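Listed below, chain by chain, are the residues.
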Amino acid sequence: MTYWYNVDSGRVEDDEHKSAADHLMGPYQSRDDAANALAKARENTEKWDAEDRDWNSKGSSD
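None of these values were measured; they are calculated from a predicted model. (Residues numbered from 1 in each chain as written. Predicted model: local features only at pLDDT ≥ 70, side-chain atom pairs only at ≥ 80, totals over all residues. Heavy atoms only, no water.)

Okay, the side chain of Asp14 next. Tracing the chain through its elements places Asp14 in strand β2 (residues 12-14). The side chain of Asp14 is buried and forms no salt bridge, while Arg31, the nearest opposite charge, is found at 4.7 Å. Of note is the side chain of Asp14, whose polar atom sits 3.0 Å from the backbone nitrogen of Glu16. Only 2.9 Å separates the side chain of Asp14 from the backbone nitrogen of His17, close enough to count as a polar contact. Not counting chain neighbours up to four residues away, the residues in contact with Asp14 comprise Met1, Thr2, Tyr3 and Trp4. (Helix = DSSP H or I, 4+ residues; strand = E, 2+ residues; numbered from the N terminus. Buried < 20%, exposed > 50% of the residue type's maximum accessible area, 1.4 Å probe, protein only. Lys, Arg positive; Asp, Glu negative; His and termini not counted. Salt bridge = Lys/Arg side-chain N within 4 Å of Asp/Glu carboxyl O. Polar contact = N/O pair within 3.5 Å; in protein donor to acceptor, adjacent residues only side chain to side chain. Contact = heavy atoms within 4.5 Å.)

Next up on the list: unusual backbone geometry. The amide bond that connects Gly26 to the next residue, Pro27, takes the cis arrangement and shows omega of 15°. Note that Pro27 resides in strand β3 (residues 24-28).

So, on to the sheet that holds β3. Hydrogen bonding along the main chain pairs the strands of a sheet, whether they run parallel or antiparallel. Strands sit in the order β2-β1-β3 across an open sheet of three strands; the sheet is antiparallel. With partners counted over all chains shown, the strands left at the sheet margins are β2 and β3, one partner each. The average angle at which neighbouring strand axes cross in this sheet is 30°, direction not considered. With three bridges connecting them, strand β1 (residues 3-6) and β2 associate as antiparallel partners. Each residue of the ladder has a partner; that of Tyr5, found in β2, is Val12. Together, β1 and β3 form the strand contacts of helix α2 (residues 37-58), whose direction differs from that of β3 by roughly 95°. (Pairing = 2+ DSSP bridges. Axes fitted to C-alpha atoms, helices over the stretch in contact; angles between N-to-C directions.)

Here it is in C-alpha cells:
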C-alpha cells in the first residue's frame, strides 16, 4: 500500500481514501514517510539551495 500527505488537512491518506491529487504529496512507501513529507521536502530544499549557492559562488568556468 502507498500513502500520501495531504497538504491542506495535514493528514496522511492511503490509496483507498486519498483526496484530489492537487492536494497531495507522494506516494510514500510508509505512513511514517508520508507523515514526514513536509520535513523531508524542507530538508531537500535547504540542501539544494546550498548546492545552488555553492555552484553560483564558483562562477562560470568558460
